[in-house]
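# Chain and residue survey
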Amino acid sequence: MTASQLAQLVDGSLLAGRADVAVGGVAALEDATAQDATFFGNEKYLPALRQSKAGVALVPLGFTESLPGVGAVIGVANPSLAFAAVVAALQPPLPAQPPGIHATAVISPTAKVGRDASIHAYAVIEDGAEIGAGCSVGAHAFIGRESRVGPASFVHPHVIIRERVSIGARCVVHSGAVIGGDGFGFETVDGRHVKVPQVGGVEIGDDVEIGAGVTIDRARFGMTRIGEGTKVDNLVQIAHNVVIGAHCLIVAQAGISGSTRLGKYVVLAGQVGVVGHITLGDGVTVGAQSGVSKSVPAGAKMFGSPAEPMMEAAASLARVRRLPKLAERVKQLEAELARLKEQLAGKR
């Protein structure tokens with residue numbers, strides 16, 4: 001595609017360079033060649049943009065700096081989002097698996113498989129399970145008894161969906177995810193840990209994406225719930241009876257303890273830990289590696305361990321970073337005080 005065609009595709013404007021520059025691939029700023037398109041959406045990558053040799057670079061509207069190494073510069077409202085459209089145009093996804101059931105798949109006679117579904121090699125679908133129309137169930141995936149996968153959902157290879165799990169339409173579950181494993185519930189009796197039965201289920205709304213290696217525990221009773229449109233990154237742990245609202249973002253290695261509730265549009269950055277039995281209101285954002293130990297009101301931005309409001313946490317961190325200089329200053333003052341004491345003692 002030429003730069004002018006790309007500009008039309010992303011509703012952008014040619015800010016610099018030639019409209020006839022042609023590209024056929026996509027790459028990062030550092031790796032892009034004259035045959036690639038790339039994008040710039042974060043100020044910290046400005047040095048890489050200046051050194052880029054890309055054929056086409058998408059930049060924010062109003063960008064004015066000269067980029068002699070780039071063939072054409074296109075201004076767009078949202079470079080990252082526009083680049084997604086460019087990727088889809090230049091590198092379309094692999095074609096979908098054809099409908100049908102592989103000969104090695106094991107499907108209970110009481111299970112229901114919708115029209116145009118694709119069931120791959122060695123997949124197991126147990127009694128009473130339902131696979132919606134147009135679903136894809138990958139090789140070696142397991143769908144437990146009375147579980148349901150909604151229409152047009154994609155279950156990648158080696159996913160385990162245990163019994164009494166409900167997954168909505170157009171969901172994606174990546175390899176290695178385990179949905180519906182037992183919650184971590186034990187009572188200590190006479191010095192031994194006695195398991196508490198976990199008899200509930202998991203309910204996942206439409207358009208949810210579950211990353212690789214994610215574990216979502218079934219409820220002790222009732223349901224563990226994940227709202228529509230929520231996206232869960234790789235290696236996240238969601239405990240029993242957790243309720244996550246619509247359109248949340250849960251980033252890699254976050255962990256949410258049992259019976260905690262998240263409102264809509266909550267963001268947990270990487271490695272955030274949340275204790276059990278608390279509530280995070282709508283629109284809460286928690287910074288990376290924070291530990292949330294108390295309920296948080298809607299719209300709050302939190303950071304630290306234990307987490308506190310972002311501005312307070314930044315001030316506390318700044319004070320901590322000043323401690324070495326403060327310690328040196330105290331040392332100097334103590335030495336000066338000692339000298340003054342010696343002088344006073346000599347005068348006596």
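Residue positions within a chain follow its written sequence, with the count starting from 1. Only residues with pLDDT of at least 70 get local features here, since the model is predicted, and only at 80 or more are side-chain atom pairs given and counted; chain-wide, interface and lining totals rely on the full set of residues. Just so you know, side-chain values use all the structure's heavy atoms and leave hydrogens and water out.

## Focus on unusual backbone geometry
Put simply, the rule reads: A run of H or I in DSSP becomes a helix once it reaches four residues, and a run of E becomes a strand once it reaches two; helices and strands are each numbered from the N terminus.
At the junction of Ser-305 and Pro-306, the peptide bond is cis and its omega measures out at 0° in the coordinates. Summarising the element assignment, Pro-306 is placed in the loop between β37 (301-303) and β38 (308-309). Located in the positive-phi region is Asp-116, a residue other than glycine, with phi close to 65°. With respect to the helices and strands, Asp-116 occurs in the loop between β8 (112-113) and β9 (118-119). For Asp-190, which is not glycine, the phi dihedral falls at a positive 50°.

## A few points about the sheet that holds strand β11 (residues 130-131)
Put simply, the test is: Two strands pair if DSSP finds at least two bridges between them.
Read across the open sheet, the nine strands follow the order β8-β11-β14-β17-β22-β25-β28-β31-β34; overall the sheet is parallel. The open sheet is flanked by β8 and β34 (279-280), the only strands paired with a single partner. Judged from the two bridges that link them, strand β14 (residues 148-149) and strand β17 (residues 165-167) form a sheet pairing that is parallel. The residue bridging Val-149 from the neighbouring strand is Ile-167, located in β17.

## Brief notes about the pattern of salt bridges
Rules: The salt bridge criterion pairs a side-chain nitrogen of Lys or Arg with a carboxyl oxygen of Asp or Glu, the two atoms within 4 Å. Each residue's exposure class comes from its accessible area (1.4 Å probe, protein chains only) as a fraction of the maximum for that residue type: buried when under 20%, exposed when over 50%, partly exposed otherwise.
Within this structure, the stated rule accounts for ten salt bridges. Salt-bridge contacts for Arg-162 lead to Asp-182; the nearest nitrogen and oxygen are separated by 3.5 Å. Remark: Asp-182 occurs in the loop between β19 (178-181) and β20 (186-189) and Arg-162 occurs in the loop between β16 (160-161) and β17; sequence separation between them is 20 residues. The class of Asp-182 is partly exposed, set by a relative accessible area of 33%. Put simply, Arg-170 and Asp-207 hold a salt bridge, and the shortest N to O gap is 2.8 Å. Taken as a pair, Arg-170 in the loop between β17 and β18 (172-173) and Asp-207 in the loop between β22 (201-204) and β23 (209-210) lie far apart in primary sequence, 37 residues in all.

## Describing the sheet that holds strand β6 (residues 100-101)
Here we have twelve strands laid out as an open sheet, ordered β6-β9-β12-β15-β18-β23-β26-β29-β32-β35-β37-β38, and mixed in their pairing. This sheet does not close on itself; its edge strands, each paired only once, are β6 and β38.

## Some words on helix α3 (residues 79-90)
Because an α-helix completes one turn every 3.6 residues, residues spaced three or four positions apart along the sequence face the same direction. For the record, the criterion: Here, expected helix span is obtained from the residue count minus one, scaled by 1.5 Å. As used here, the arc belongs to the directions running from the helix axis to the C-beta atoms. By definition, residues are in contact when any of their heavy atoms lie within 4.5 Å. Under this definition, polar contacts are N or O atom pairs within 3.5 Å; protein pairs additionally need one hydrogen-donor-capable and one acceptor-capable atom, and for neighbouring residues in sequence, both atoms have to be side-chain atoms.
Helix length check: α3 (twelve residues) gives 16 Å between terminal C-alpha atoms against 16 Å at 1.5 Å per residue, within 8%. Considered for burial, the residues of α3 that qualify are Pro-79, Ala-82, Phe-83, Val-86 and Leu-90. Here the buried residues of α3 occupy an arc of 100° about the axis, which is enough to place them on one side. Those residues of α3 hidden inside the fold are in contact with α1 (3-9), β2 (25-26), β3 (36-39), β4 (56-60) and β5 (72-76). Of the residues flanking the start of α3, the one acting as N-cap is Asn-78, its side-chain oxygen 3.3 Å from the backbone nitrogen of Ser-80.

## Overview of the packing of aromatic side chains
Counted only if it meets this: Aromatic rings from Phe, Tyr and Trp, with only the six-membered ring used for Trp, were paired whenever their centres fell within 6.5 Å, and each pair was classed as stacked if the ring planes differed by under 30 degrees, edge-to-face if by over 60, and tilted otherwise.
Going through the model one piece at a time under the given rule, you end up with three aromatic pairs. Between Phe-184 and Phe-186, the ring centres sit 5.1 Å apart and the planes meet at 70°, which makes this aromatic pair edge-to-face. Residue Phe-184 is classed as exposed on the basis of its relative accessible area of 72%.

## Topic: the side chain of Ser-147
Checked against the element boundaries, Ser-147 lands in the loop between β13 (142-143) and β14. Among the residues examined, Ser-147 registers a relative accessible area of 1% and is labelled buried.

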